[in-house]
Amino acid sequence: MVPLRQETKHLMFLGLDSSTQSLSALVIDPAAGITVAEASVNFGSDLPQYGSPSGFIPVGKHGEVHADPMMWLEALDMLLAKLSEKMDLGQVTAIAGSGQQHGSVYLNSNFSEALSGLGSAEGLRSAFSGVFSRKTSPIWMDTSTGEECVEITAEMNGSEEVCSRSGSIAVERFTGPQIRRFSKADPEGYAKTSEIHLVSSFIATVLAGKSIPIDYGDGAGMNLMNLRELDWDEGLLKATAEGLSERLPALSSCLSSQGTVSSYFVKKYGFSPDCAVCPFTGDNPASLVGMGATSPGQIVISLGTSDTFFAAMPEPKTDPQGFGHVFGNPAGGFMSLICFRNGSLAREALRDELGVGWDAFDTGSLEETLGSAGKNLTLPFYGAEITPRFDFNSPVTDFSEEVTSALRIRSLLEGQFLNMKLHSAWMGVAPERIRLTGGAAQNDGIAQLVADVFQAPVERLEVANSAALGAALIAATAGGGEFVGLQEIFCKSTPGSLLMPNTDLAGNYSTALVEFEKLLGKTTNA
Ligand code: XUL
């Protein structure tokens, strides 16, 4: 561990996370091994004037989901005001951050002037009024770009080419297809656009008062960056929109600090003029850091509304079926991200259908059906799924035993984790340890089932905001620390939370995996 101290002064690092619903901050003192301060602004409740109770403008047309970038700026002023009441921000050595991935901000030629004049501004809202060439920003929930995905894919001669270059097939929520849609729907607006930023690089740019590069982690979520070259891909840029290369900032690692904080933040919130600003990354790459999983073999499963599976990968291997994505790993190398839409939604649907409580999903109940492990199959989808891409409308079952509520619960959970195992096999990474997070992770029964299906130990972490923590750890690493030592301090598993796999069930689950794949094939090809 590099001593993060200068003479008698402890160095402090600020991590920001601009997520869909809120902007949060977390400051760490690595030498003391503590979180010094935390603050958060909720877009819906703290900034109701934007009419975005969940962080985006409701009822968009044709699958459009947009947010007002001005809301993110006002939130930044609010957040730093709150944080400066809790600590002296002059102690912060470096700032790093993360943002919801894929969302984009469109800026006109007034933007660079607004940035250079920021030092004398009174507030971010007034400083940046008149800089947007597109009033609102499409975010990751937007599904309006199906046609553009088809066009980009055709121009590139197929999905395989798009995937092998960018790490993902053309995906509706990704930035490239979003840019293409804007350039077609509003050519004048696109012509007036001089710079396009991601949510992450936009906030970093405002903090630094100058254009800050997009980092490799977040840049990989655009369908525009060449994974092997870590540079913009000429072919993809051309297939997306005319004149795109002159509108994009440079690419860089999030560990290379890019200047210091703008004098606006020095005057208004007391930051030191020497406080460094690093390029911001995506929330998933930052979470990989915050979950202590930047080395291959450590897998993170987040059980939320949607379930996500992510893990570090040394090589930019891509998913031949096109379901998984490859992003940059802030520690170097790459990471996978696979998203399963039927996460908590499916668990809740079964709970409600059976009229039971969560205790029916916990250790006691699941132990009663241990003898049936892997014997009854469920394709665990209550609605359209993206991994695999199929319009399911209810679960498909193949039970070898008499159907009971307890067996349906076991079989649904097993189906969710068999589906994850099946669709992450392309990574070729054997899980040495799984770090489980998200609401359902606290349930010991569910956590044990993950350990059994994957035949790997499962740990839970104390970290509540893994993206903001990850960002703070990135700032500390850029400032002279190193990930491994920092993660040992800040990403500890909850004492007593380690669960070992039941090795007697290894055979049951390898047979179940084969049968699950057959049932899935039969259903989706029917
Ligand atoms: C990842 C994705 C989301 C966003 C919002 O591909 O779309 O996880 O990053 O958190």
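Student: Before we go on, may I ask you to explain the nonpolar core in this structure?
Tutor: One broad rule of soluble globular proteins: the nonpolar side chains tend to lie buried together. Formed by 104 residues in total, the largest nonpolar core has its most connected members in Ile28, Trp232, Ile301, Phe309, Phe417, Phe454 and Leu473. Counting the residues that make up this core, at least three belong to each of domain 1 (12–284) and domain 2 (292–460 + 495–526). Phe417 has contacts with Leu303, Ile446, Leu449, Val450, Val453 and Phe454, leaving out every residue within four places of it along the chain. Counting 55 residues, the second-largest nonpolar core is a separate cluster that includes Ala114, Leu118, Val261 and Phe280.

Student: Help me out: how do you make sense of the domain arrangement of the chain in this one?
Tutor: The figure often quoted for interface size is the accessible area lost as the parts come together. Split by domain assignment, the chain resolves into domain 1 (12–284) and domain 2 (292–460 + 495–526). Put simply, the middle of domain 1 and the middle of domain 2, counted by C-alpha atoms, are 31 Å apart. Both faces considered, domain 1 and domain 2 share a buried interface measuring about 1400 Å² in area, 62% of it formed by carbon and sulfur atoms. Linking domain 1 to domain 2 there are zero salt bridges. Across the domain 1-domain 2 interface, the total number found is four residue pairs in polar contact (both at pLDDT 80 or more). Elements with a contribution of two residues or more to the side of domain 1 that touches domain 2: helix 6 (159–166) and helix 10 (216–219). At three residues, helix 6 tops the list of elements feeding residues into the side of domain 1 that touches domain 2.

Student: How do you make sense of the site of the ligand when you look at a structure like this?
Tutor: Around the ligand, the neighbouring residues are Gln101, His102, Trp140, Arg173, Asp283, Asn284, Phe327 and Leu337. Between an oxygen atom of the ligand and a side-chain N or O atom of Asp283, the distance comes to 2.4 Å. Within the complex, the protein chains bury 88% of what would otherwise be the 290 Å² of accessible surface of the ligand.

Student: How should the pairing of strand 18 (residues 307–313) be read in this particular structure?
Tutor: Within a regular strand, the side chains alternate between the two sheet faces. The buried fraction of strand 18 is high, at seven of seven residues. Pairing of strand 17 (residues 298–303) with strand 18 involves five bridges; the strand directions are antiparallel. Bridging across to strand 18, Ser302 finds its partner in Thr308. The antiparallel pairing of strand 17 with strand 18 creates a hairpin that spans three residues between the two strands. Sheet topology places strand 18 next to strand 20 (residues 334–340); seven bridges connect them, and they run antiparallel. Residue pairing in the sheet places Phe309 in a bridge with Ile338 of strand 20.

Student: What's the story with the pattern of salt bridges in this structure? I'm lost.
Tutor: If charged atoms from side chains of opposite charge come close, those side chains can pair. This model, assessed by the stated rule, comprises 17 salt bridges. For Arg347, the salt bridge goes to Asp307, with nearest N and O atoms at 2.9 Å. Residue Arg347 is located in helix 14 (residues 344–354), and its partner Asp307 is located in strand 18; the two are separated by 40 residues in the primary sequence. Owing to a relative accessible area of 1%, Arg347 belongs among the buried residues under this scheme. In this structure, a network of salt bridges that share partners links the residues Glu147, Glu148, Glu151, Arg180 and Lys184.

Student: Explanation requested: the sheet that holds strand 19 (residues 325–328) in the structure shown.
Tutor: Through backbone hydrogen bonds, the strands of a sheet pair up, either in parallel or in antiparallel fashion. Sheet architecture is open: six strands sit in the order 19-20-18-17-25-26, paired in mixed fashion. Pairing within the sheet leaves two strands with one partner each, and these edge strands are strand 19 and strand 26 (458–460). Averaged over neighbouring strand pairs, the angle between their axes works out to 25 degrees when direction is ignored. In this structure, strand 17 lies alongside strand 25 (residues 433–437), joined through five bridges in parallel fashion. By the bridge assignment for strand 25, Val300 is matched with Arg435. Those strands touched by helix 17 (residues 444–454) are strand 17, strand 18, strand 25 and strand 26, and its axis lies near 145 degrees from that of strand 26.

Cut-offs used in this document
Residues numbered from 1 in each chain as written. Predicted model: local features only at pLDDT ≥ 70, side-chain atom pairs only at ≥ 80, totals over all residues. Heavy atoms only, no water. Core = buried A, V, L, I, M, F, W, Y, C linked by side-chain atoms within 4.5 Å. Buried < 20%, exposed > 50% of the residue type's maximum accessible area, 1.4 Å probe, protein only. Domains from an automatic or database assignment. Contact = heavy atoms within 4.5 Å. Buried area = accessible area lost by both parts, 1.4 Å probe. Salt bridge = Lys/Arg side-chain N within 4 Å of Asp/Glu carboxyl O. Polar contact = N/O pair within 3.5 Å; in protein donor to acceptor, adjacent residues only side chain to side chain. Helix = DSSP H or I, 4+ residues; strand = E, 2+ residues; numbered from the N terminus. Near = heavy atom within 4 Å. Areas by Shrake-Rupley, 256 points an atom, 1.4 Å probe, with all protein chains shown as cover. Pairing = 2+ DSSP bridges. Axes fitted to C-alpha atoms, helices over the stretch in contact; angles between N-to-C directions.

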